[in-house]
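Observations on the three-dimensional arrangement
What follows is each chain in one-letter form.
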Amino acid sequence: MDYFRWHPCVELNWIRPVNFFPLRPERLDQMESICIGTKNRTLGDSLILSTLPQKLKAAYPHLKIYTYPRGLNPVVFKGNPAVLGLQRAPLALFGDDCNWGSGHHIQVKEAYFNLPHSEPVKPNLFLETKEILFAENYLERYSRSSLPLCMIHPWGGTWPKVASRKYWEELVQRMQGEVRFWQIGMEGQPSIPGCENFLFLSKSPANARKLFALMDLADAFLGVNSGPMHVARALGIRSLILTAQGSVNKIFENRRKYAYFLKGNNAGGFLYEENFHLETDLLTHDDLIRRSEEFLSRHLVS
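Residues numbered from 1 in each chain as written. Predicted model: local features only at pLDDT ≥ 70, side-chain atom pairs only at ≥ 80, totals over all residues. Heavy atoms only, no water.

**So, the sheet that holds strand β4 (residues 94-95)**
- With parallel pairing, the four strands of this open sheet are ordered in space as β3-β2-β1-β4. Edge strands, defined here as strands with exactly one partner in the open sheet, are β3 (85-86) and β4.
- As paired elements, strand β1 (residues 33-37) and strand β2 (residues 64-67) share four bridges and run parallel to each other. When the sheet's bridge partners are listed, isoleucine 34 is paired in β2 with isoleucine 65. (Pairing = 2+ DSSP bridges. Helix = DSSP H or I, 4+ residues; strand = E, 2+ residues; numbered from the N terminus.)

**A look at the nonpolar core**
- With 53 residues, the main nonpolar core has Ile34, Ile36, Leu56, Phe113 and Phe221 as its most contacted residues.
- Per-element accounting of this core gives the leading share, six residues, to helix α7 (residues 205-215).
- Core analysis: the second largest hydrophobic core is formed by 26 residues, Ala163, Val179, Ile192 and Val224 among them. (Core = buried A, V, L, I, M, F, W, Y, C linked by side-chain atoms within 4.5 Å. Buried < 20%, exposed > 50% of the residue type's maximum accessible area, 1.4 Å probe, protein only.)

**Considering the pairing of strand β7 (residues 197-201)**
- Residues Asn197, Leu199 and Leu201 point to one face of β7 and are all buried, whereas Phe198 and Phe200, pointing to the other face, are not buried.
- Note: strand β6 (residues 180-186) against β7, five bridges, orientation parallel. Each residue of the ladder has a partner; that of methionine 186, found in β7, is leucine 201.

**Regarding the pairing of β2**
- Here β2 runs beside β3; their pairing, made up of two bridges, is parallel. Its bridge partner lying in β3, tyrosine 66 is registered against glycine 85.

As structure tokens, then:
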């Protein structure tokens, strides 16, 4: 898909209103096209929908699949071979409210369309050759070490205070000489001393594709329940996620047993069972440091 066919990302819903809350389609086999995307502007919400195009295309080969030019939809679906391009004024947008049954939010979306559950669960991202080359050139230019690379994302928009700055500074300092750290974040966020590099990007959607490519260089990811967590999962990067939502095992148990709208499953539905987790609201500072070191030593340090 030619990137320039996707831009400029202008919405035309002021010409023809978009139905953001469509009814569940009864006969997808009789639909000619469908527009998949989030009406929100967050990275995670777009990535949660990213398995749908290919699964819909496999089940309904005739179906023309588009996405919506709002937020990060064009960035996430760029390069997806099942997505034809943008619809700037679709009759209906399917995504945020397409929920059915139980499980991870990706599986809840798939069940809404009677598609098979993803097992294991992971979003889809498609990096282009030029993006991979950009990341490789960046690594060659800015990296000063051949140590294992861990991307850290200390603060997310939804969860800004999961772990203290003291935790991050102490962990990076204690692992110096064994692991190199690159910090991911938004412009204006505080930097963690000791990191080799700081990827503080503006909110421009164009920067998101650079972040995807740079994250693909990582040997591990350590962060919070936020957009980069989904990117790391899509790229198959071994991840340790810090949470402040109580027992993670209980979260997973509840979402397997109960519908997405019960037992707090809406908040817990974003976490991936395939990742490692530490509950910062249930552990002491010393335990967090010790177990984080154990993760890095076990999975990165030879």
